[in-house]
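Examining the three-dimensional arrangement
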Amino acid sequence: MKKFILLLGSAALFLSACSNAESELNDFYDEFTGSLGEEQGLAELNEQYNELEGTKAALQEELNNADIEEINSISDELQTNTKERLELLEEERTLIADSNEAFEDAREAAEDISNEEYKKEADSLVAAMNARFDAHETMTDTYTEALEAEQMLFEYLGKTEITQDTVDEHLNKIAEYSEPINEASESFAAETEKINRLKGEIEQILENN
């Protein structure tokens, strides 16, 4: 009889350990998803940014057949457009910074996970989130530098005398940012995809237990 009681007790301890491990993983998941809530405005910001990019493209098209007075006028519109895009980038930077700060609670929760398998999943997600935050910083820094280079061109187009050689110099400077922007954007997208995969794996674990 005593042996039977000991076996029951061991089973209870095992079940308690499983329940505790799942609770720890769930706590991590809640902190993780809570940090993502800080990014809810990203889609709207991207939509506004793309609209401004469309306006910029239309204005640049108008430059092709414009005289100097018209170029000066379009220059003012392009400078305003660029300033608005820079402001949107700063808003996006703030959203991601807030998400990063909120994610600190998830980093701490990951440290408290006792189950080795669950901790491995959480640590992988933490690493992917950290890489995504770094990629976003690189991406927005590069975008900002590129927009500042565009702004220098548009300010030049506001002058009464402009030359094609100087315009070309500005255009070549802007072109230098194309590859770094693409690389940073691809890195950000890749880490985001990895995070979505890991998020799904953790959700599957929590659903099955």
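Residues numbered from 1 in each chain as written. Predicted model: local features only at pLDDT ≥ 70, side-chain atom pairs only at ≥ 80, totals over all residues. Heavy atoms only, no water.

Moving on: the packing of aromatic side chains. Using the criterion set out here, one finds four aromatic pairs in the structure. Ring geometry for Tyr 49 versus Tyr 143: centroids 6.2 Å apart, planes at 75°, classification edge-to-face. In this pair, Tyr 49 is assigned in helix α2 (residues 42-63) and Tyr 143 in helix α4 (residues 116-156), connecting sequence segments 94 residues apart. Given a relative accessible area of 10%, Tyr 49 falls into the buried group. Residue classification places Tyr 143 among the partly exposed residues on the basis of a relative accessible area of 25%. (Phe/Tyr/Trp six-rings, centres within 6.5 Å; stacked < 30°, edge-to-face > 60°. Helix = DSSP H or I, 4+ residues; strand = E, 2+ residues; numbered from the N terminus. Buried < 20%, exposed > 50% of the residue type's maximum accessible area, 1.4 Å probe, protein only.)

Let us look at the environment of Asn 72. Counting through the fold element by element, Asn 72 comes out in helix α3 (residues 68-111). When its relative accessible area of 18% is taken as the criterion, Asn 72 is described as buried. Sequence spacing of Asn 72 and Glu 183 is 111 residues, and the spatial spacing of their C-alpha atoms is 34 Å. If we ignore the near neighbours within four places in the chain, the residues touching Asn 72 are Leu 157, Gly 158, Lys 159 and Thr 160. There is a polar contact of 2.8 Å between the side chain of Asn 72 and the backbone oxygen of Leu 157. (Contact = heavy atoms within 4.5 Å. Polar contact = N/O pair within 3.5 Å; in protein donor to acceptor, adjacent residues only side chain to side chain.)

Next up on the list: the packing of α2 against α4. Orientation of α2 relative to α4, taken along the N-to-C sense of each, is 25°, at an axis distance of 15 Å. Our classification of the angle between α2 and α4 gives roughly parallel. When the axes of α2 and α4 are compared, the crossing they make is left-handed. When α2 is examined against α4, the residues Leu 42, Tyr 49, Lys 56 and Gln 60 are found in contact with a partner set consisting of Arg 132, Tyr 143, Leu 147, Glu 150 and Phe 154. Grouping the amino acids of the contact of α2 with α4 by side-chain chemistry returns five nonpolar, one polar and three charged. (Axes fitted to C-alpha atoms, helices over the stretch in contact; angles between N-to-C directions. Parallel < 35°, antiparallel > 145°, perpendicular 65-115°, else oblique. Left-handed = near helix turned anticlockwise from the far one by under 90°. Nonpolar A, V, L, I, M, F, W, Y, C, P; charged D, E, K, R; others polar.)

For the rest of this paragraph, the subject is the confidence of the model for the protein. Per-residue pLDDT for the protein has a mean of 89; in total, 91% of the residues score no lower than 70. In this model residues 1-18 is a low-confidence stretch, pLDDT under 50, and it forms zero contacts with partners more than four residues away in sequence or in other chains. (pLDDT = per-residue confidence, 0-100.)

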